[in-house]
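Residue-level structure breakdown
The chain contents come next:
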Amino acid sequence: MGYTSKLVAAIGLLAQAHFRLSRNFGALHMYTQSLDQSPVNTNESVSGAAVDIHQDAHKQAAFDRIIDADGKIEAQDWMPVAYRKTLVRQISQHAHSEIVGMLPEGNWISRAPSLKRKSILMAKVQDEAGHGLYLYSAAETLGTSRDDMLDALHTGRAKYSSIFNYPTLSWADVGMVGWLVDGAAIMNQVPLCRCTYGPYARAMIRVCKEESFHQRQGYDALLAMMQGSQAQRDMVQESLNRWWWPVLMMFGPPDSDSPNSAQGMRWGIKRISNDDLRQKFIDATVAQAETLGVQLPDPDLKWNETRQHYDFGPINWAEFHDVLAGKGPCNVERLATRVKAHQDGQWVREAATAYAAKQASRQQRLAA
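Structural notes on the packing of aromatic side chains
Each aromatic ring pair is summarised here by two numbers: the centre-to-centre distance and the angle between the ring planes. Tallying each qualifying case throughout the model produces ten aromatic pairs. Here the aromatic rings of Phe63 and Trp78 are separated by 6.3 Å at their centres, their planes lie at 80 degrees, and the arrangement is edge-to-face. In this pair, Phe63 is assigned in helix H2 (residues 53-68) and Trp78 in the loop between H2 and helix H3 (81-100), connecting sequence segments 15 residues apart. Just as Phe63 is buried, Trp78 falls in that class too. On the numbers, 6.1 Å between centres and 25 degrees between planes, the contact of Trp244 with Phe281 is stacked. In this pair, Trp244 sits in helix H9 (residues 230-249) while Phe281 sits in helix H11 (residues 274-292), placing the two residues 37 residues apart along the sequence. Considered together, Trp244 and Phe281 belong to a single accessibility category, that of buried residues. In textbook terms, an aromatic cluster arises when at least three aromatic residues are bridged by ring pairs, as seen for Phe63, Trp78, Tyr83 and Trp267.

A short note on the environment of Gln308
By secondary structure assignment, the location of Gln308 is in the loop between strand S1 (302-304) and strand S2 (309-311). Spatially, the C-alpha atom of Gln308 lies 9.4 Å from that of Asp283, the residues being 25 residues apart in sequence. Of the polar contacts made by the side chain of Gln308, one reaches the backbone oxygen of Glu305; its length is 2.7 Å.

What counts, and where the lines are drawn
- Residues numbered from 1 in each chain as written.
- Predicted model: local features only at pLDDT ≥ 70, side-chain atom pairs only at ≥ 80, totals over all residues.
- Heavy atoms only, no water.
- Phe/Tyr/Trp six-rings, centres within 6.5 Å; stacked < 30°, edge-to-face > 60°.
- Helix = DSSP H or I, 4+ residues; strand = E, 2+ residues; numbered from the N terminus.
- Buried < 20%, exposed > 50% of the residue type's maximum accessible area, 1.4 Å probe, protein only.
- Polar contact = N/O pair within 3.5 Å; in protein donor to acceptor, adjacent residues only side chain to side chain.

That's the geometry; what it means functionally is another story.
In structure tokens:
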């Protein structure tokens, strides 16, 4: 592991240690508010007792009323098993994406062109670590454990965003990740602030505020390059040519090939369909590209007066599915780096846990 990879891993380890201490002393109550409540209830039988069908029907009806009223489901509330499983899968994969997403940009911390850019990039990578911790905390309120989620990531059973399996080959790529990748993330994530699951929705408020800064700094870095030499301008355009289509894939497959979207929207977990989010992103990005002075690499891109949207060319969904299947440019490298960082940080987690236990014991003695 090189210097920059170690630095990124260290940032993640410090964040993990801070989280473990904070969780013991209640600092993250906003996101883990149910952890000090009674254990979450499920609609599964307990101690072999028969399920009370009438009681479950009553609970389902109460759940449906909250969903229909666009209300909030909290961790201690009854919820269908399928709703819980959908949330665990979505939130944990979102958390994985934030943690793995530190790696492509972290590779450039030691190579940033100025102290200003290095400071901004370090802050951004640290933000991503924090986002992962908020989201793991939100997922834990659903009864899953941090260890189980990380084990699923490290063994390849859980997915993360396909975009983070592409390499950052130049400094322009760092700006492109900020402008396009974080821009697409914002388009995806702002609606999640209205998700019907309270802990997830509240976590997303802060995440979206910080992602907005990430997009602005990326665009600013690219704008500075476009005002520089011809070689810098060519670097930006070359980077855009590589990133544009993978970014459009971030919104997921077409609605016709996304069988879970309809139920997610019915539950209020997902608010806008994949295709509609992708269209909104393209419509917003065209004007930004014109201001920047770059050409979006799509010969079919043109304004449709009838639809009042931009038409765009076909997306290579075979590439998308290959990346999801572990055949992307950096899948193996990203996962191996993540696993090694977790293993190297075992002593940090053990030390933080031991310190928290020691402090809790001291407080009990003082209270006695």
